[in-house]
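Residues per chain are reported as follows:
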Amino acid sequence: MAVVATETPFHVLAVDDSLPDRKLIERLLKTSSFQVTTVDSGSKALQFLGIHDDDASTVSVHAHQLDVAVNLIITDYCMPGMTGYDLLKKIKESSSLRDIPVVIMSSENIPSRINRCLEEGADEFFLKPVRLSDMSKLKPHILKSRCREHSQQDQEQQHQQSDSNSNDCSNPTNKSHSDSSRKRKAEDNEEILPQKNRPRHS
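- An unreviewed UniProt entry lists the protein chain under the name Response regulatory domain-containing protein, with Sorghum bicolor as the source organism.
- Quoted verbatim from the Sequence similarities (unreviewed entry) field of UniProt, the annotation for the protein chain is "Belongs to the ARR family. Type-A subfamily."

Listed below in structure tokens is the structure:
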């Protein structure tokens with residue numbers, strides 16, 4: 001019996017201090033076939049991602065060992081304590097998480113705020129209330145991020161292969177040099193041996 005392979009849904013971490021807004025974004029994401037985890041603050045989002053709130057450079061091993069990897073983060077801008085902009089900066093400062101796409105949401109259409117978030121590395125800025133049509137904009141960012149990851153992995157593999165090839169190239173040179181040295185010694189011996197075996201005339 002053939003086993004039908006099912007594609008794993010993309011996992012989105014949604015961050016919003018407003019319960020109604022969290023429920024809305026969760027419903028929209030699930031309707032769009034995303035797997036969703038919701039948290040109510042930026043600090044809880046960092047804990048889920050394995051980053052300590054006080055030091056973005058300190059990443060625990062759990063960040064790489066999550067049961068389901070986070071493919072995209074969507075966060076409200078205005079939150080008490082840590083804003084969505086602060087969360088964005090923490091994520092982009094982390095070497096292990098900076099490639100995860102981040103989308104900012106806000107009920108206020110302030111161009112300077114939008115530009116600041118985009119300049120800091122946000123992939124998209126949604127105005128609230130978020131609509132179902134906005135969900136279609138998320139997947140391209142995830143796919144683009146995955147392409148970057150595969151490209152980086154390919155470059156690393158090619159670099160490793162080039163290193164191993166350079167090592168292999170050095171060995172035949174040494175081998176040919178030693179072979180030629182042995183060959184010259186054998187030829188010298190062949191020239192000497194017949195002289196020793198010549199009969200002596202009395």
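1. Structural notes on helix 4 (residues 111–120)
In step 1: Every buried residue of helix 4 is listed here: R113, I114 and C117. Along the axis of helix 4, the buried positions cluster into a sector of 100 degrees, meaning they face one direction only. In helix 4, the exposed residues that point more than 90 degrees away from the buried face are P111, S112 and E119.
In step 2: Backbone geometry just downstream of helix 4 places G121 in the positive-phi region, at approximately 125 degrees.

2. Regarding the pattern of salt bridges
In step 1: One pass over the full model with this rule turns up seven salt bridges.
In step 2: Residue K30 is joined to E26 by a salt bridge in which the shortest nitrogen-to-oxygen separation is 3.1 Å. A residue pair is termed a helical-turn pair when its members lie 3 or 4 positions apart in one helix, as K30 and E26 do in helix 1 (residues 19–31) at four residues.
In step 3: By relative accessible area, which is 48% here, K30 ends up partly exposed.
In step 4: Overlapping salt bridges bring together D16, D21, D76 and K128 as one network.

3. A closer look at the UniProt feature "modified residue: 4-aspartylphosphate" (unreviewed entry) in the protein chain
In step 1: Here, the residues flagged by UniProt with the feature "modified residue: 4-aspartylphosphate" (unreviewed entry) are D76.
In step 2: Not counting chain neighbours up to four residues away, the residues in contact with D76 comprise V15, D16, D17, G84, M105, S106 and K128.

Cut-offs and rules
- Every chain is numbered independently, its residues counted from 1 as its sequence is written.
- Where totals are concerned, whole chains, interfaces and linings use all residues; where local detail is concerned, this predicted model gives features only for residues with pLDDT of at least 70, and gives and counts side-chain atom pairs only at 80 or more.
- Remark: hydrogens and water are excluded; side-chain values derive from all non-hydrogen atoms of the structure.
- UniProt positions are given in the numbering used here, feature names are shortened, and annotations may be inferred rather than shown by experiment.
- The buried label applies to any residue whose accessible area, calculated with a 1.4 Å probe on protein chains only, is under 20% of its type's maximum; exposed applies above 50%, and partly exposed to all values in between.
- By definition, any uninterrupted DSSP run of H or I lasting at least four residues is a helix, any uninterrupted run of E lasting at least two residues is a strand, and each is numbered from the N terminus.
- Each C-beta atom gives one direction from the helix axis, and the arc is the one those directions make.
- Note on definitions: salt bridges are taken to be side-chain nitrogens of Lys or Arg within 4 Å of carboxyl oxygens of Asp or Glu.
- Here, two residues are considered to be in contact whenever any of their heavy atoms come within 4.5 Å of each other.

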